[in-house]
There are 2 protein chains.
Amino acid sequence: MRGWNFSAGPAALPEAVLRQAQEELPEWGGARASVMEVSHRGKAFVAMAQQAEADLRELLDVPPSCRVLFLQGGATQHFAQIPMNLCADGQRADYVVTGHWGEKAVKEAVVYAGAHVAASSAASKYTTIPPRETWDIDSGAAYVHYTPNETIHGVEFHSIPDTGDVPLVADMSSDILSRPVDVSRFGLIYAGAQKNIGPSGLVLMIARDELLQRNPRPLPKIFRYAEHAAADSMLNTPNTWGWYLAGLTFRWLKEQGGLGAMERRNREKADALYAAIDGSDGYYRNPVEPSARSRMNVPFTLHDAALDAAFLEESEDAGLLALKGHRAVGGMRASLYNAMPIEGVRALVEFMRDFSRRH
Amino acid sequence: MRGWNFSAGPAALPEAVLRQAQEELPEWGGARASVMEVSHRGKAFVAMAQQAEADLRELLDVPPSCRVLFLQGGATQHFAQIPMNLCADGQRADYVVTGHWGEKAVKEAVVYAGAHVAASSAASKYTTIPPRETWDIDSGAAYVHYTPNETIHGVEFHSIPDTGDVPLVADMSSDILSRPVDVSRFGLIYAGAQKNIGPSGLVLMIARDELLQRNPRPLPKIFRYAEHAAADSMLNTPNTWGWYLAGLTFRWLKEQGGLGAMERRNREKADALYAAIDGSDGYYRNPVEPSARSRMNVPFTLHDAALDAAFLEESEDAGLLALKGHRAVGGMRASLYNAMPIEGVRALVEFMRDFSRRH
């Protein structure tokens with residue numbers, strides 16, 4: 001029997017998506033072969049790939065000025081590849097750092113950009129979001145980069161920052177598709193698939209075509225986003241299984257009522273869990289400033305860390321999986337991506353109440 | 001019903017592997033989740049990943065001085081990333097070009113290396129392999145790169161060239177694991193998975209650790225092979241589904257009797273098809289010099305190209321899939337990777353005889 005899977009990523013997929021993938025794994029459509037065994041340039045795969053993009057565009061209302069790319073390498077590769085493609089040598093790029101992933105993005109950028117930390121909440125141990133008016137943004141910067149949701153610290157932006165004419169670049173790996181978002185406000189959005197989209201090994205990118213055409217330095221074709229765009233993400237063989245599962249997930253999201261419906265559910269799920277934490281008289285604790293709390297990743301500690309082992313063992317026995325927190329913050333973490341139903345959160349809340357009574 | 005799938009890649013997977021993946025797709029082992037839904041750093045996934053590497057090492061008798069990496073980006077990304085990691089700026093690297101993929105490898109390398117075509121069979125339209133004594137290899141070159149099997153032209157090396165002290169780098173995407181190979185003769189072997197290993201989106205690399213430590217230029221960590229090696233290929237989230245399927249394939253290869261057994265089968269399959277072509281009195285024709293013919297990819301033309309459409313339509317109706325040749329050479333192509341059983345080749349040969357009688 002499947003458990004309630006709170007993994008931060010690779011994370012739970014919608015069960016309906018998994019069941020369909022299972023059913024058609026040996027024979028996909030009329031292909032007489034698995035979707036993994038057909039040419040990415042064949043009619044059947046191309047039709048599927050185009051439908052996936054069309055569904056994504058519909059879900060996020062992506063403007064025609066933006067390209068949608070299905071890439072590889074994880075978000076981490078694009079920490080490096082974005083400055084490769086968008087910055088002239090040493091050109092300033094501004095980074096707003098609100099957690100571990102933002103820190104990594106800066107480090108990977110320094111070879112190609114004058115990566116500048118325009119704002120950081122490190123002093124608060126990443127429990128806050130620095131007010132926009134404190135950001136040191138240069139009008140000549142190649143872009144402003146931020147991480148709308150930090151999975152380890154459980155910190156999320158609940159509005160899109162205004163960066164004027166400087167293009168906004170967002171690592172949306174952990175909250176893409178969790179609610180409607182005004183894509184027209186962004187220059188470039190990218191996301192590793194393994195949280196809200198599909199399996200690991202796939203990266204989704206949504207970017208204004210003009211940005212992709214900057215081409216500030218000589219690069220091999222394979223590192224150049226403009227080449228991937230010109231080839232409709234088939235410059236070389238894409239991750240075909242990942243693209244297919246992403247397409248199933250996009251369709252599932254449409255069947256659920258789209259991103260407005262997902263936002264209502266995700267808010268309900270997060271509210272239920274934060275209420276249980278805040279209402280526990282200090283037995284459980286989440287350190288994040290309430291206005292910056294993430295709906296996707298809820299880290300929490302127990303009042304006595306000596307109980308952590310018992311909590312993890314008993315929750316696992318109860319079918320509540322992968323609740324161990326990241327070592328950087330300790331304690332527990334419950335990730336509540338789209339594929340987690342409210343029933344799973346209710347089961348967790350019930351378990352937490354019961355655990356606190358018994359221990 | 002599944003067809004006989006002659007796709008050049010993404011290519012057929014062993015049916016036993018697909019059936020197992022299907023069975024355990026929603027619940028993998030005792031995980032109560034799909035293998036796609038668990039942390040790559042969790043005990044269960046790490047144990048699977050290590051077993052996959054151990055099985056591969058056993059199959060290929062990989063020396064302890066070599067690292068095995070599970071990467072992303074397709075072989076094409078590594079056309080660029082290999083010179084990034086192995087060449088000082090502009091340092092000479094020698095390329096032996098025997099087809100389309102070798103050509104691409106040179107083009108992607110030029111930004112980081114003094115990529116030098118040491119030998120080419122372009123003049124023969126890539127139907128031959130240039131004799132070793134004609135290669136213009138520099139003893140100070142960073143490496144010599146070649147493509148043991150060219151999928152489009154159907155040209156394969158049947159012995160490993162001697163490059164003395166210059167490390168040999170091989171894009172083995174399309175014949176890795178098709179026969180035993182002396183890994184100790186190579187500096188670095190890499191292969192896109194989607195032909196003889198697993199699904200697309202995974203790249204296997206086997207490389208001498210000392211080569212990976214060259215680090216000739218500043219690079220983001222994510223582009224540095226030494227960092228991937230130090231992190232056991234978990235520098236960032238790997239393609240977990242691809243790694244898992246590769247592991248199933250490695251186990252399947254061991255059950256088949258290992259690479260010696262695969263070589264016997266692959267030779268039998270290729271011999272049967274070439275015999276049918278050569279014995280057709282010119283009805284079918286393969287242009288490759290016999291000693292350089294590939295056991296993996298067999299391109300062939302019909303004596304009258306006007307029959308191509310009928311051949312493709314009728315073969316597809318007969319359950320013989322994906323026989324259309326690459327536009328660069330025209331005609332047909334049958335790819336006979338490990339997952340294609342001799343029965344599929346017999347069905348193709350029978351169809352070819354019947355077709356030639358009828359047309």
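None of the values given here were measured: they were computed from a predicted structure. (Residues numbered from 1 in each chain as written. Chains lettered and ligands numbered in written order. Predicted model: local features only at pLDDT ≥ 70, side-chain atom pairs only at ≥ 80, totals over all residues.)

1. Structural notes on the overall build of chain A
The criterion, for reference: A run of H or I in DSSP counts as a helix once it spans at least four residues, and a run of E counts as a strand once it spans at least two, with each numbered from the N terminus. Note that the radius of gyration is over C-alpha atoms, with the globule rule given as 2.2 Å times the number of residues to the power 0.38. With C-beta atoms placed from the backbone, a contact is any residue pair whose C-beta atoms sit within 7 Å.
Helix and strand counts for chain A stand at 10 helices and 14 strands. The C-alpha radius of gyration computed for chain A amounts to 21 Å, which stays within 12% of the reference 21 Å derived for 359 residues, consistent with globular compactness. In terms of overall dimensions, chain A has C-alpha extents of about 60 × 55 × 30 Å along its principal axes. Of the contacts made within chain A by residues no fewer than 6 positions apart, 69% connect residues no fewer than 24 positions apart.

2. Re the relation of the copies chain A and chain B
Note the following rule: The superposition of copies rests on a least-squares fit of C-alpha positions from residues with pLDDT of 70 or more in both.
If you rotate chain A by 180° and push it 0.0 Å along the axis, it lands on chain B with an RMSD of 0.0 Å. Here the transformation between the copies is reduced to the relation of a two-fold axis. Scanning chain A for the C-alpha nearest the rotation axis identifies Gln22 of chain A, at a separation of 2.7 Å. Looking at chain A, 100% of its interface residues are interface residues in chain B too, so the copies touch through the same face.

3. Some points on helix α4 (residues 100–109) of chain A
Count 3.6 residues to each turn of an α-helix, and residues three or four apart come out pointing the same way. All names here are of chain A. The cut-off we apply is this: Labels follow a simple rule on C-beta atoms placed from the backbone: if 20 or more others lie within 10 Å of a residue's own, it is buried; if 12 or fewer, it is exposed; otherwise it is partly exposed. Directions pointing from the helix axis toward each C-beta atom define the arc.
Buried within α4 are the following residues: Trp101, Gly102, Ala105, Glu108 and Ala109. Buried residues of α4, seen end-on, are gathered within an arc of 125° and therefore sit on one face of the element. Looking at the buried positions of α4, the neighbouring elements they touch are α3 (74–86), β3 (92–97), β4 (114–120), β5 (144–146), β6 (149–150) and β8 (168–171).

4. Description of the domain arrangement of chain A
Residue and element names in this part refer to chain A. Applied cut-off: In this document the domain limits rely on a domain assignment from an automatic tool or a database. Gly falls in the polar group here, along with every residue not listed as nonpolar (Ala, Val, Leu, Ile, Met, Phe, Trp, Tyr, Cys, Pro) or charged (Asp, Glu, Lys, Arg).
Splitting chain A by domain gives domain 1 (25–255) and domain 2 (257–358). Distance between the C-alpha centres of domain 1 and domain 2: 27 Å. With 22 residues of domain 1 at the contact, the number on the domain 2 side is 22 residues. When residues of the side of domain 1 that touches domain 2 are traced back to their parent elements, those giving at least two are β7 (155–156) and α7 (240–255). For the side of domain 1 that touches domain 2, a count of residues per class yields 7 nonpolar, 10 polar and 5 charged.

5. Section: unusual backbone geometry
In this structure, the amide linkage connecting Gly9 of chain A to the following residue, Pro10 of chain A, adopts the cis form with an omega of -10°. A positive phi angle, near 55°, is found at Lys125 of chain B, a position not held by glycine. With respect to the helices, strands and loops of the structure, Lys125 of chain B is situated in the loop between β4 (114–120) and β5 (144–146). In this structure, Leu177 of chain B is a non-glycine residue whose phi angle is positive, near 70°. With respect to the helices and strands, the residue Leu177 of chain B is situated in the loop between β8 (168–171) and β9 (188–192). The exposure class of Leu177 of chain B is buried, given the 25 C-beta atoms found within 10 Å.

6. A closer look at the interface of chain A and chain B
Across the boundary between the two partners, chain A contributes 55 residues, which contact 55 residues of chain B. Mapped onto the side of chain A that touches chain B, the elements with two or more residues apiece are α1 (15–23), α3 and α7 of chain A. Considering each element in turn, the side of chain A that touches chain B owes the most residues, 5 residues, to α3 of chain A.

7. Quick notes on the sheet that holds strand β10 (residues 203–208) of chain B
Residue and element names in this part refer to chain B. What counts is decided by this rule: One requirement defines pairing of two strands: DSSP has to find at least two bridges between them. A fitted line through C-alpha atoms represents every axis, and for helices the fit uses only the stretch in contact; the resulting angles, taken between N-to-C directions, go from 0 to 180 degrees.
With respect to topology, 7 strands assemble into an open sheet ordered β2-β10-β9-β8-β5-β3-β4, the strand pairing being mixed. Edge positions in the sheet fall to β2 (66–71) and β4, since each has one partner strand and no second. Here the strands of the sheet are splayed against their neighbours by 20° on average, with no regard to which way each runs. Summarising the sheet, strand β3 (residues 92–97) and β5 pair through 2 bridges and their orientation is parallel. Following the sheet pairing, Tyr95 is matched in β5 by His145.

8. Comments concerning the packing of α1 of chain A against α7 of chain A
Describing two packed helices takes the angle between their axes plus the distance from one axis to the other. All names here are of chain A. The cut-off we apply is this: Roughly parallel covers angles under 35 degrees, roughly antiparallel covers those over 145, roughly perpendicular covers 65 to 115, and oblique covers all other angles. Note: crossing handedness is left-handed where the near helix turns anticlockwise from the far helix by less than a right angle, and right-handed where it turns clockwise.
The interhelical angle for the contact between α1 and α7, taken along N-to-C directions, is 135°, at an axis separation of 9 Å. By the angle class used here, α1 and α7 are oblique. For α1 against α7, the interelement crossing comes out right-handed. Counted together, Ala16, Val17, Gln20 and Ala21 of α1 and Leu245, Leu248, Thr249 and Trp252 of α7 form the full contact between these two elements.

9. A short note on the pairing of strand β12 (residues 297–302) of chain B
Residues and elements named next belong to chain B. When you tally the buried positions in β12, you get 5 out of 6 residues, the bulk of the element. Across 4 bridges, β12 lies against strand β14 (residues 332–335) in antiparallel orientation. The partner of Val298 across the bridge, within β14, is Ala334.

10. Re helix α7 (residues 240–255) of chain B
This is how the line gets drawn: Each helix should span, by expectation, one fewer than its residue count multiplied by 1.5 Å.
Compared with the 22 Å implied by 1.5 Å per residue over 16 residues, the 23 Å span of α7 of chain B between its first and last C-alpha is a close match. The element α7 of chain B is largely enclosed, with a buried count of 12 among its 16 residues. Taken together, the buried positions of α7 of chain B are Thr240, Trp241, Gly242, Trp243, Tyr244, Leu245, Ala246, Gly247, Leu248, Thr249, Phe250 and Leu253 of chain B. Among the structural elements, α7 of chain A together with α1 (15–23), α2 (43–60), β2, β10 and α8 (258–278) of chain B are those in contact with the buried residues of α7 of chain B. Gly257 of chain B sits one or two residues past α7 of chain B and shows a positive phi near 110°.

11. Examining the sheet that holds β8 of chain A
Residue and element names in this part refer to chain A. Spatial strand order, β2-β10-β9-β8-β5-β3-β4: 7 strands in an open sheet with mixed pairing. What marks the edges here is a single partner per strand, and that holds for β2 (66–71) and β4. Strand-to-strand, the axes of this sheet are offset by a mean angle of 20°, without reference to chain direction. Where β3 meets β4, 6 bridges bridge the pair, whose relative direction is parallel. Of the residues in β4, the one forming a bridge with Val97 is Ser120.

12. Quick word on the confidence of the model for chain A
Worth spelling out the cut-off: For every residue, the predictor states its confidence as a pLDDT score lying anywhere from 0 to 100.
In this model, chain A carries a mean pLDDT of 97, and residues with pLDDT of at least 70 account for 100%. Scored as a complex, the prediction yields pTM 0.98 and ipTM 0.98.

13. Concerning the pairing of β9 of chain B
All names here are of chain B. Where burial is concerned, most of β9 is hidden: 5 out of the 5 residues are buried. Residue alternation in β9 divides its side chains into two sets, Leu188, Tyr190 and Gly192 and Ile189 and Ala191, and both sets are buried. Note: β8 against β9, 3 bridges, orientation parallel. Paired with Val169 across the strands is Leu188, a residue of β9. Pairing of β9 with β10, which is carried by 5 bridges, proceeds in the antiparallel orientation. The residue bridging Leu188 from the neighbouring strand is Ala207, located in β10.

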